[in-house]
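Secondary and tertiary structure notes
Spelled out from the first residue to the last, the chains are:
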Amino acid sequence: KINFINKSFPVTKLNEILSSFNLGIVSYDISEATEYMLPVKLLEYISLGIPAIVVKNRVIQHYFTAEDVFFYESSKPDSLKNLITEISDNNNLLLEKRKRLKEIRSKYFWSIESKKYYNLVNNLIGASN
C-alpha cells in the first residue's frame, strides 16, 4: 500500500512520521550533475534504518552496495516498477535490508563524517589539528 500525503509537517514530527515508513524512494533522472550526487534523503533513510530504493549513480555505488540499498536504473522505468513489485511480494527483502542498515548506518553519522571533513579542510589549508 502506498500513501501520498500532500501536506506539511513540523520538522519536530518528521522522525516520528518517518519511523513508521517501511521503505523510502530516492528517485531522479541521471544527468551530468546527478551522476555525482549523494542525496541527503538517502542518508536520512539510512540513519533511521529505513530501506531505500535508489537510483544507481557513481557516487551512491561508491558508498553503498546492493546489499545496502535497492538499486534501480532511472533510464528503465520498469526496473523501478519491478523492484517495488518484488519487494512487496517478499517481505524478507525488507527485513534483510533493515538488518544490514543497522550494521552500517553509524558509518554515516555526522558525528563521524564531520571529523573527516574538518581534517580534510585543515589539511587543505595547512592547519594543525
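Within each chain, residues carry numbers counting from 1 in the order of the written sequence. Predicted model: local features are reported for residues with pLDDT of at least 70 only, side-chain atom pairs are reported and counted for 80 or more only, and whole-chain, interface and lining totals are derived from all residues. Only hydrogens and water are set aside when side-chain values are computed; all heavy atoms of the structure are taken into account.

**Looking at the overall build of the protein**
Numbering of helices and strands runs from the N terminus; a helix is a DSSP stretch of H or I covering at least four residues, while a strand is a stretch of E covering at least two. Broken down by element type, the protein carries six helices and three strands. Seen in sequence order, the protein has helices and strands lined up from the N terminus as α-β-α-β-α-β-α-α-α. Dimensions of the protein, computed from the C-alpha atoms along their principal axes, are close to 55 × 35 × 30 Å. Among the 129 residues that make up the protein, the fraction classed as buried is 28%. Working definition of accessibility: Shrake-Rupley area with a 1.4 Å probe, residue cover restricted to the visible protein chains. Summed over all atoms, the accessible surface of the protein reaches about 9,300 Å², with 53% contributed by carbon and sulfur. Type-normalised accessible area, obtained with a 1.4 Å probe on protein chains alone, sets the label of each residue: buried when under 20%, exposed when over 50%, and partly exposed for intermediate values.

**Some details on helix H6 (residues 110-125)**
The span one expects for a helix is its residue count, reduced by one, times 1.5 Å. A rise of 1.5 Å per residue sets the reference length of H6, with its 16 residues, at 22 Å; its end C-alpha atoms lie 22 Å apart and thus fit the reference within 8%. Directly beyond the C-terminal end of H6, a positive phi value near 75° is found at Gly-126.

**Some details on the pattern of salt bridges**
Counted as salt bridges are all cases of a side-chain nitrogen of Lys or Arg within 4 Å of a carboxyl oxygen of Asp or Glu. One pass over the structure, following the stated rule, counts seven salt bridges. Here Arg-100 ties to Asp-68 by a salt bridge, and the two come within 2.6 Å at their closest N and O atoms. Of the two residues, Arg-100 sits in helix H5 (residues 91-104) while Asp-68 sits in the loop between helix H3 (58-63) and strand E3 (70-72), which places them 32 residues apart along the sequence. On the basis of relative accessible area, Arg-100 is assigned to the partly exposed category, the value being 21%. Classification of Asp-68 as buried rests on a relative accessible area of 3%.

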